[in-house]
Structures are given as structure tokens and as C-alpha cells.
Amino acid sequence: MEKVKCLIIGSGPAGYTAAIYAARAGLNPVLYTGPQPGGQLMITNEVENYPGYPEGRNGPEMMDDFRKQAERFETVIRNEMIVKVDFSGPIHKAWSESGTEIHASTVIISTGASAKWLGIPGEHEYENKGVSACAVCDGFFFRKQKVAIVGGGDTAAEESTYLAKICSEVHLLVRRDEMRASKIMQERVLNTPNLFVHWNTSPEEVLGDGEGVTGVRIRNNQTGESKNLEISGFFVAIGHTPNTGIFKDWLDMDDSGYLIAKPGRSLTNVPGVFVSGDAQDKIYRQAITAAGTGCMAALDAERYLVETGL
């Protein structure tokens, strides 16, 4: 059994930033990276919208920078998953996949969320080569080009109109005969001149030349007819799944599994347990906002320890 002041579950911008702040405050944090050290940025080629990197930065390299900064202040980082927690008492318990039992005075959750994928041929092959799950992150690389995006909810509507501002043509593939997006978002989509909606249309395969995306084969769900659509970027906007399953018996979450924090804070319904990053954010989902909430969680954890004397 191991006793720690601050346990951080998950890495990425939120977890590493929380570690930097917690370590500098003398909380001696122990961070468990989870199955994908660095989070979703590990599958992002170029990051050009994070302040402080004027020339942009490769996602994995940026996360390595974050990790090194956390380690500089003596954060203990373990490449393992936390597989079970018990938040029933004032001291919070957690178990790692190797069987270590941790007793923590504070816990910062930064487990993030994972994009949902279609599972069609070519999707994985061309990930970061024209296939993306974040239009705001990667749309800039396809300015003045033709792109397609699949989805029918508010996220797809918002991201398709965003892409329409920088791309020459945007083809929105809606797999049903109607969108789930709010009425106002649908109106924006339908009133955007270079945004073309393909109703009852499912993508069958992402096409490419080995180097990047060149098109997508689509099928009309009513007629069964297939055809190729020439594009250079393919965006998937069918939602995200928060990585919060192990907390469902302990923490308040919404119907989608996102953890609920006190407005403007990182506090959960359990004293001493804090949440940051995409595990609680289904609106912005950006590296910079995740890092900001990681800072908030560490500061809240520090205040909690001072107030409780733990």
C-alpha cells in the first residue's frame, strides 16, 4: 500500500499541467498515464494553435515536452492504468493494473475522452494523413480544399460550418434523412453556400494514394448506389466517449458519462476529488482548455489540503 498527497489519473495536457502545478506546490504528485500516455494529442500530427509554439509542434513531441516539465519538478509518472477506485472515505483508494493499492488525500481525474470512429476501411490507415476527428484542430491544413465530414448532431453542424469558412467545398454526410442538430444549427448548415448536405448517405471507405486522402466512397442508404467523392480531408464528427467508466459508482456524471464539476471549479461531488480536461468538457475539447482545467484542479487540490490539514 502506498500513501500519496495527490494522485493524478490520466495524462495529456490536463494531467501533465495538473502535475506541474501540484509538484511546484509541494504535493509530490504521482501520475498514472493510462493506456495512451499523452492523450488524444498522441494521434495528432501538427498542433499549430497552442500558445508558445510559434512554428507549431508535433502532437507526440508536445506531450513529451509536457511530460519532461512535469518530471523536472519530480512528478512520479507511471505508465499504467488505474483500474478501480473507492471514494467512500476521506482517504481515497485506487488500484493500478499491477495491483498497487494507493491511498490518496486528493485525486485529480484527467482521463479524457476518446473520439468515436466509423470503423470503415481506410479510416485508420489515413488517420493524421487526411482523416481527423477534430475540425477545429486540423481544418486549417485543408484551407481552400474539398473536404467531407460525417455526422448529424450539433458537433457535425458546428464543425461543418467552421470548415466552410476555410475550405472551398464541404460535404456533410448525414446517414439519416434528418439531422439531430438543433434547429438553429441546421439552418446555419443549410444556409452556407459551399456546404453541401448528402442525406441518407453513409461513407463506405476512405480512399487514398498511400500518402494522403484522395476521396471517400459513399453509399445512398435508400437506393444502395455507391459513388466516389473527391476530397483531401475526411472528418468524423459522430461524438466522443468520456473515459470515466471506473468512476460511475462514485461521481456524478451526465447521461453521456461526462463528469460533473461545480460551475467554474474542478470540484466533483466527492470532497478531495477533482476533474479536469475532456473527462468533464464536451464543448471545447481543446488542448489549451484542458491544460487550463488541469491548473485549476491542482490549485483546488492544494487549497483542499490546506483547509483539511490532510
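None of the values given here were measured: they were computed from a predicted structure.

Colleague: Go over the overall build of the chain, please, and point to the residues and values.
Modeller: Summing up its helical and strand segments, the chain has 6 helices and 19 strands in all. Reported as C-alpha extents along the three principal axes, the dimensions of the chain are approximately 65 × 40 × 35 Å. Restricting to contacts in the chain with at least 6 residues of sequence separation, those with at least 24 account for 58%. Computing the positive centroid from 30 side-chain charges and the negative centroid from 39, the chain places the two 4 Å apart.

Colleague: Requested: an account of the state of the cysteines, with residues and values cited.
Modeller: Applying the stated rule across the entire model yields 1 disulfide. The residue that forms a disulfide with Cys 134 is Cys 137, at a sulfur-sulfur distance of 2.2 Å. One disulfide, between Cys 134 and Cys 137, carries an S-S torsion of 65° and so falls in the right-handed class. Of all cysteine sulfurs in the structure, the one in Cys 134 sits closest to Cys 167, which takes part in no disulfide; the separation is 13 Å.

Colleague: Tell me about the environment of Glu 101, and please be specific about residues and values.
Modeller: As for its placement among the helices and strands, Glu 101 is situated in strand β8 (residues 101-109). As for Glu 101 and Pro 54, which are separated by 47 residues in sequence, their C-alpha atoms are 43 Å apart. At 3.4 Å, the side chain of Glu 101 and the side chain of Trp 95 are in polar contact.

Colleague: Requested: an account of empty space enclosed by the protein, with residues and values cited.
Modeller: Here the structure, examined in full by the defined rule, presents 1 cavity of 30 Å³ or more. Looking at the largest cavity, its volume works out to about 40 Å³. If you trace the largest cavity, you find it lined by Ala 115, Lys 116, Ala 133, Thr 155, Glu 159, Val 236, Ala 237, Ile 238, Gly 239, His 240 and Arg 285. Classifying every residue of the lining of the largest cavity by side-chain character gives 5 nonpolar, 3 polar and 3 charged.

Colleague: Any details on the sheet that holds strand β12 (residues 169-173)? Residues and values, ideally.
Modeller: Pairing is parallel across the open sheet formed by 5 strands, whose spatial order is β10-β17-β11-β12-β13. Edge positions in the open sheet fall to β10 (131-132) and β13 (195-198), since each of these has one partner strand only. Seen against the sheet, helix α4 (residues 154-164) touches β11 (146-150), β12, β13 and β17 (233-236) and runs at an angle of roughly 175° to β11.

Colleague: Tell me about the packing of helix α1 (residues 12-24) against helix α2 (residues 59-72), and name the residues and values.
Modeller: Between α1 and α2, the least distance of the axes is 8 Å, while the angle of their chain directions is 20°. Between α1 and α2, the crossing angle belongs to the class labelled roughly parallel. Crossing of α1 against α2: the hand is left-handed. In contact with Gly 12, Pro 13, Tyr 16, Thr 17, Ala 19 and Ile 20 of α1, α2 contributes Met 63, Phe 66, Arg 67, Gln 69 and Ala 70. Here the contact of α1 with α2 is composed, by residue class, of 7 nonpolar, 3 polar and 1 charged.

Colleague: Go over the pairing of β17, please, and point to the residues and values.
Modeller: Consecutive residues of a regular strand have side chains that alternate between opposite faces of the sheet. Side chains Gly 233 and Phe 235 of β17 all project onto a buried face; the interleaved residues Phe 234 and Val 236 project onto the opposite face, where all are buried too. Here β10 pairs with β17 via 2 bridges, running parallel. Within the sheet, the bridge partner assigned to Ser 132 lies in β17 and is Phe 235.

Colleague: Could you give an account of the side chain of His 171, naming the residues involved and the relevant values?
Modeller: With respect to the secondary-structure elements, His 171 resides in strand β12. Here His 171 falls in the buried class, since its relative accessible area comes to 9%. At a separation of 2.9 Å, a polar atom in the side chain of His 171 contacts the side chain of His 198. Setting aside residues up to four positions removed in sequence, His 171 forms contacts with Val 147, Ala 148, Ile 149, Phe 196, His 198 and Leu 229.

Colleague: So what's going on with the nonpolar core? Residues and values would help.
Modeller: Counting residues in each nonpolar core, the largest one holds 26 residues, and the members touching the most others are Ile 8, Tyr 16, Tyr 50, Met 62 and Ile 108. Residue assignment for this core shows that the elements contributing at least two residues are β1 (2-9), α1, α2 and α6 (287-308). The element that contributes the greatest number of residues to this core is α6, accounting for 7 residues. In this structure, Tyr 16 is in contact with Ser 11, Leu 31, Thr 33, Pro 37, Gly 38, Met 63, Phe 66, Arg 67, Ala 70 and Ile 77, ignoring residues within four places of it in sequence. Counting residues in hydrophobic clusters, the runner-up holds 20 residues, among them Leu 7, Tyr 32, Phe 87 and Ala 279.

Colleague: How would you summarise the packing of aromatic side chains if you had to cite specific residues and measurements?
Modeller: Evaluation of the coordinates by the stated rule reveals 7 aromatic pairs. For the pair Tyr 50 and Phe 66, a centre-to-centre distance of 5.7 Å together with 70° between the ring planes defines the contact as edge-to-face. Highlighted residues: Tyr 50 in the loop between β3 (46-47) and β4 (57-58) and Phe 66 in helix α2, separated in sequence by 16 residues. Judged by relative accessible area, which is 14%, Tyr 50 ranks as buried. A connected cluster of aromatic rings, assembled from ring pairs, spans Tyr 50, Tyr 53 and Phe 66. Across from the ring centre of Trp 95, 4.9 Å away, lies the NZ or CZ of Lys 84, which sits over that ring. When the ring centre of Phe 140 is taken as origin, the NZ or CZ atom of Arg 143, which lies over that ring, is 4.1 Å away.

Criteria and thresholds
Residues numbered from 1 in each chain as written. Predicted model: local features only at pLDDT ≥ 70, side-chain atom pairs only at ≥ 80, totals over all residues. Heavy atoms only, no water. Helix = DSSP H or I, 4+ residues; strand = E, 2+ residues; numbered from the N terminus. Contact = heavy atoms within 4.5 Å. Lys, Arg positive; Asp, Glu negative; His and termini not counted. Charge placed at Lys NZ, Arg CZ, Asp CG, Glu CD. Disulfide = S-S within 2.5 Å. Polar contact = N/O pair within 3.5 Å; in protein donor to acceptor, adjacent residues only side chain to side chain. 1 Å grid on protein atoms, 1.4 Å probe; cavity = no way out; pocket = protein on both sides within 12 Å on 5 of 7 lines; lining within 4 Å. Points joined across faces, edges and corners; volume = space filled by probe spheres on them. Nonpolar A, V, L, I, M, F, W, Y, C, P; charged D, E, K, R; others polar. Pairing = 2+ DSSP bridges. Axes fitted to C-alpha atoms, helices over the stretch in contact; angles between N-to-C directions. Parallel < 35°, antiparallel > 145°, perpendicular 65-115°, else oblique. Left-handed = near helix turned anticlockwise from the far one by under 90°. Buried < 20%, exposed > 50% of the residue type's maximum accessible area, 1.4 Å probe, protein only. Core = buried A, V, L, I, M, F, W, Y, C linked by side-chain atoms within 4.5 Å. Phe/Tyr/Trp six-rings, centres within 6.5 Å; stacked < 30°, edge-to-face > 60°. Lys NZ or Arg CZ within 6 Å of the ring centre and 35° of its normal.

Fair warning: the whole summary comes from geometry, so function is off the table for now.
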